[in-house]
Amino acid sequence: MIKKPFIHFFLTLVLAIVLWGCPKKVVVTPPTIENPIAKILESFSPVESLQARASIRIDTVRDGEEMNILLNGYLLYQKPNQLRLLGYHPLGMGLFDAIYLDGEFFVLIPFQKRAYTGEVSEFEDLIEKAGPIEIQTEKPEGSEIPHRIRINVIEKETRIDIRLKDPSINSSLPEDSFRWVVPEGVEVKPLAQLLRKKRLR
C-alpha cells in the first residue's frame with residue numbers, strides 16, 4: 001500500500017513542475033514565485049522534441065523530520081508547450097502520469113484509480129503561497145538541453161532533483177505521446193479538488 005507521505009511527495013513534484021560526467025554549464029534562475037513550468041519548457045526550447053529516462057529524488061521536511069524518496073521516470077517533450085512525466089516505483093509499479101499541454105494539466109494516479117484535470121492558471125494563488133522557487137539546470141558542454149534540473153521550494157524546505165538519462169533529441173514521437181486517455185474504471189475529478197486537499201501550509 002502507498003503511504004500518505006508518498007502522495008505528498010508526488011504532489012509536491014507535480015506542483016513544482018506546475019517539472020553528466022562531462023564539464024557542465026550551470027544556469028541558476030533567481031528565486032521567483034512564477035510558475036516553474038515556463039522555465040522548464042524554456043530550457044528544452046532549443047530542440048524540437050525530447051524523450052529520456054529520468055531519475056527523480058525528492059528531499060523534504062515533514063513535521064521536523066527529513067524525508068527523501070527516489071523514483072524512476074520517463075520524460076517526453078514536444079516544442080513549444082507539451083510536456084509529459086511518468087513516475088515509477090523502483091520496483092516498476094506506475095505511480096503517476098502527468099501531462100502538461102498548452103496550459104492544461106492532466107494527472108493520472110493509477111493505484112488510486114483517479115485522474116485529475118485543470119488549467120495551471122487556476123492555481124496562481126497556490127504557487128504564490130508556496131513561496132520563492134529556485135530552478136537550477138545543468139547541461140554537458142556542447143549540449144542543447146539540460147541533463148539535470150533541480151527545483152528548490154525554499155520556504156517549504158523541499159528539493160527536487162531530476163536527472164535525464166539516455167536522451168533522444170529531435171526524434172519522432174508517437175502520435176499519442178501527449179494524448180489524454182482515461183483508463184476504464186478511473187474516476188476523473190477537477191485538479192482543484194486534489195490540490196485543495198493537499199494545499200501547502
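In case you missed it, the structure is sitting above this.
Undergrad: I'd like to hear about the pairing of strand β10 (residues 158-169), residue by residue, with values.
TA: Across a regular strand the side chains alternate sides, sitting on one face of the sheet and then on the other. Where strand β2 (residues 49-62) lies against β10, 9 bridges are found, and the strand directions are antiparallel. Residue pairing for β10: D59 is matched across the bridge by R159. Direction of pairing for strand β9 (residues 148-153) relative to β10: antiparallel, over a ladder of 6 bridges. Bridge pairing in β10 places V153 opposite T158. Count of turn residues in the β9/β10 antiparallel hairpin: 4 residues, of which E157 carries a positive phi of about 50 degrees.

Undergrad: Just give me the short version of the side chain of T60, but keep the residues and values in it.
TA: When you line up the elements, T60 lands in strand β2. Side chain to side chain, T60 and T158 meet in a polar contact 2.7 Å long.

Undergrad: Summarise a nonpolar patch on the surface; cite the residues concerned and give the values.
TA: A contiguous nonpolar surface patch, about 240 Å² in accessible area, is contributed by W180, V182 and V188. By the secondary structure assignment, V182 is in the loop between β10 and β11 (187-190).

Undergrad: Outline the side chain of Q136, listing residues and values.
TA: Within the fold, Q136 resides in strand β8 (residues 133-140). Polar contacts involving the side chain of Q136 include one to the side chain of R150, which spans 2.3 Å.

Undergrad: Tell me about the environment of R179, and please be specific about residues and values.
TA: With respect to the secondary-structure elements, R179 resides in the loop between β10 and β11. In this view, R179 contacts R84 and I99; residues no more than four positions away in its chain are not counted.

Undergrad: So what's going on with the nonpolar core? Which residues, and what values?
TA: Ranked by internal contacts, the top residues of the largest apolar core, which has 35 residues, are F44, L75, Y77, L83 and L164. Grouped together as the second largest cluster of nonpolar side chains are 5 residues, F106, L108, A115 and V186 included.

Thresholds, definitions, all that
- Residues numbered from 1 in each chain as written.
- Predicted model: local features only at pLDDT ≥ 70, side-chain atom pairs only at ≥ 80, totals over all residues.
- Heavy atoms only, no water.
- Pairing = 2+ DSSP bridges.
- Helix = DSSP H or I, 4+ residues; strand = E, 2+ residues; numbered from the N terminus.
- Polar contact = N/O pair within 3.5 Å; in protein donor to acceptor, adjacent residues only side chain to side chain.
- Patch = residues over 30% accessible without salt bridge, like charges linked within 9 Å, V, L, I, M, F, W, Y side chains within 5 Å.
- Areas by Shrake-Rupley, 256 points an atom, 1.4 Å probe, with all protein chains shown as cover.
- Salt bridge = Lys/Arg side-chain N within 4 Å of Asp/Glu carboxyl O.
- Contact = heavy atoms within 4.5 Å.
- Core = buried A, V, L, I, M, F, W, Y, C linked by side-chain atoms within 4.5 Å.
- Buried < 20%, exposed > 50% of the residue type's maximum accessible area, 1.4 Å probe, protein only.

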